[in-house]
Amino acid sequence: MGIDEPTPRPAPREVRIDKRQVRVLAHPLRMRLVGALRVHGPATATTLAELLGTNTGATSYHLRQLAEVGLVVEDPDRGSGRQRWWQAAHDVTSWEPTDFDDDPDARAAIEWIQGDQVRHLVEHAERWFATQHEWSPAWRDALGMGDIFMTIPPARLEELKAEVWQVLERYREAGSVDPQARPVQVFLAAYPLREGLR
């Protein structure tokens with residue numbers, strides 16, 4: 001590799017969550033802890049508590065619950081004495097809703113997680129609407145959302161989602177050294193059109 005070539009990012013560590021993991025993950029603070037560790041990197045329970053506006057005791061307890069099912073792990077290279085550092089065990093969490101059809105508790109947990117993702121999207125969008133005037137015209141034009149209507153069978157929709165996901169991964173892996181670059185979150189969603197709008 002030449003000196004001017006960027007160092008390639010390692011492939012994202014992905015977990016397809018099982019029934020036990022989904023039941024543990026379906027908790028507001030636990031979801032936020034995993035997300036914070038993925039976005040900000042390794043941290044202590046105290047740092048995470050400050051970041052998320054909670055207390056260290058609750059943060060420590062929920063980190064241990066997540067560790068029991070392998071969703072977070074201790075970072076032994078950073079720990080010293082009683083101070084424990086935690087990191088996300090994976091970069092990406094995946095599942096299919098039908099993975100949990102035979103377990104009512106796990107199915108309820110995944111439905112809660114999906115609902116929480118939608119709540120997060122709404123909060124994210126509302127924060128953007130409230131502060132977009134503070135951003136440059138280039139960013140105001142680049143950020144935002146749109147939609148498209150189509151008629152498609154499930155197999156083709158799966159192909160479409162996989163292809164779009166590959167594009168998103170390609171852009172993420174490329175990274176950016178541009179001083180104007182900022183972290184963004186891109187949501188991918190596909191839902192059936194309501195009967196009255198068909």
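As shown above, the structure is provided for reference.
Numbering of residues starts from 1 in each chain and follows the order in which that chain's sequence is written. Local features in this predicted model are restricted to residues whose pLDDT is 70 or higher, and side-chain atom pairs enter the listing and the counts only when it is 80 or higher, whereas totals over whole chains, interfaces and linings include all residues. Where side-chain values are given, they derive from all heavy atoms of the structure, hydrogens and water being excluded.

**Regarding the pairing of strand E4 (residues 85-88)**
Turning to step 1, where the next piece is worked out: Here the term buried applies to any residue with accessible area under 20% of the maximum for its type, exposed to any over 50%, and partly exposed to those in between, with areas from a 1.4 Å probe on protein chains only. Comment: elements are numbered from the N terminus, with helices defined as DSSP H or I runs of at least four residues and strands as E runs of at least two. Side chains of E4 alternate between two faces, with Trp86 and Ala88 buried and Trp85 and Gln87 left unburied.
Turning to step 2, where the next piece is worked out: By definition, two strands form a pair when at least two bridges between them are found by DSSP. Where strand E2 (residues 43-44) and E4 come together, two bridges link them in antiparallel fashion. Bridged to Thr44 within E4 is Trp85.
Turning to step 3, where the next piece is worked out: In this sheet, E4 lies alongside strand E3 (residues 72-74) in antiparallel orientation, the contact comprising three bridges. Across the sheet, the residue bridging to Val73 is Gln87, located in E4.

**Examining the packing of aromatic side chains**
Turning to step 1, where the next piece is worked out: Ring pairs are drawn from Phe, Tyr and Trp, using the six-membered ring of Trp, whenever the two centres fall within 6.5 Å, and their geometry is named by plane angle: stacked under 30 degrees, edge-to-face over 60, tilted for the rest. Scanning the model with the defined rule gives two aromatic pairs in all.
Turning to step 2, where the next piece is worked out: Where Trp128 meets Trp135, the ring centres are 5.9 Å apart and the plane angle is 70°; that geometry is what we call edge-to-face.
Turning to step 3, where the next piece is worked out: Relative to Trp139, the ring of Trp135 lies with its centre 5.6 Å away and its plane at 70°, an arrangement referred to as edge-to-face.
Turning to step 4, where the next piece is worked out: Aromatic rings pair up to connect Trp128, Trp135 and Trp139 into one cluster.

**Considerations on the pattern of salt bridges**
Turning to step 1, where the next piece is worked out: Salt bridges are defined by distance alone: a side-chain nitrogen of Lys or Arg within 4 Å of a carboxyl oxygen of Asp or Glu. Applying the stated rule across the entire model yields eight salt bridges.
Turning to step 2, where the next piece is worked out: Between Asp99 and Arg16 there is a salt bridge, with the nearest N and O atoms lying 2.9 Å from each other. With Asp99 in the loop between strand E5 (92-94) and helix H5 (104-131) and Arg16 in strand E1 (residues 14-16), this pair connects stretches of sequence that are 83 residues apart.
Turning to step 3, where the next piece is worked out: Take Asp99: its relative accessible area is 26%, and that puts it in the partly exposed class.
Turning to step 4, where the next piece is worked out: Residue Arg16 is classed as partly exposed on the basis of its relative accessible area of 48%.
Turning to step 5, where the next piece is worked out: As a salt-bridge pair, Asp116 and Arg119 come within 3.6 Å of each other at their nearest N and O atoms. One end of the pair, Asp116, and the other, Arg119, are both in helix H5, three residues apart, so they sit about a helical turn from each other.
Turning to step 6, where the next piece is worked out: Arg119 gets classed as partly exposed once you look at its relative accessible area, which sits at 40%.

**Description of H5**
Turning to step 1, where the next piece is worked out: End to end, H5 covers 41 Å across 28 residues, agreeing with the expected 40 Å (1.5 Å per residue, within 8%).
Turning to step 2, where the next piece is worked out: Taken together, the buried positions of H5 are Ala106, Ala109, Ile110, Ile113, Asp116, Ala125 and Trp128.
Turning to step 3, where the next piece is worked out: Think of a polar contact as two N or O atoms within 3.5 Å of one another; within protein, one of them needs to be a possible hydrogen donor and the other a possible acceptor, and neighboring residues in sequence only count if both atoms come from side chains. Where H5 starts, the residue carrying a side-chain oxygen 3.0 Å from the main-chain nitrogen of Asp105 turns out to be Asp103. What a helix is expected to span follows from its residue count: subtract one and scale by 1.5 Å.

**Some points on the environment of Asn55**
Turning to step 1, where the next piece is worked out: Take Asn55: it is sitting in the loop between helix H3 (45-52) and helix H4 (56-68).
Turning to step 2, where the next piece is worked out: Taking C-alpha positions, Asn55 is 19 Å from Val24, a pair spaced 31 residues apart along the chain.
Turning to step 3, where the next piece is worked out: Within polar-contact distance, the side chain of Asn55 engages the backbone nitrogen of Gly57 at 3.1 Å.

**Section: the packing of helix H2 (residues 28-40) against H3**
Turning to step 1, where the next piece is worked out: Axes here mean lines fitted to C-alpha atoms, for a helix over just the part in contact, with angles spanning 0 to 180 degrees between N-to-C directions. Interaxial distance between H2 and H3 falls to 11 Å at its minimum, and their mutual angle equals 105°. Relative to H3, the element H2 is oriented roughly perpendicular. Between H2 and H3, the contacting residues are Leu29, Arg32, Leu33, Ala36, Leu37 and His40 on the first element and Leu48, Leu51 and Leu52 on the second.
Turning to step 2, where the next piece is worked out: Gly falls in the polar group here, along with every residue not listed as nonpolar (Ala, Val, Leu, Ile, Met, Phe, Trp, Tyr, Cys, Pro) or charged (Asp, Glu, Lys, Arg). Broken down by class, the residue content of the contact of H2 with H3 amounts to seven nonpolar, one polar and one charged. The labels follow the angle: roughly parallel below 35 degrees, roughly antiparallel above 145, roughly perpendicular from 65 to 115, and oblique for the rest. Contacts were defined at the residue level, with two residues in contact if any of their heavy atoms lie within 4.5 Å.

**Structural notes on the sheet that holds E4**
Turning to step 1, where the next piece is worked out: With antiparallel pairing, three strands are arranged side by side in an open sheet as E2-E4-E3. Each edge of the open sheet is held by one strand with a lone partner, namely E2 and E3.
Turning to step 2, where the next piece is worked out: This element, H2, spans E2, E3 and E4 of the sheet and lies at about 90° to E4.

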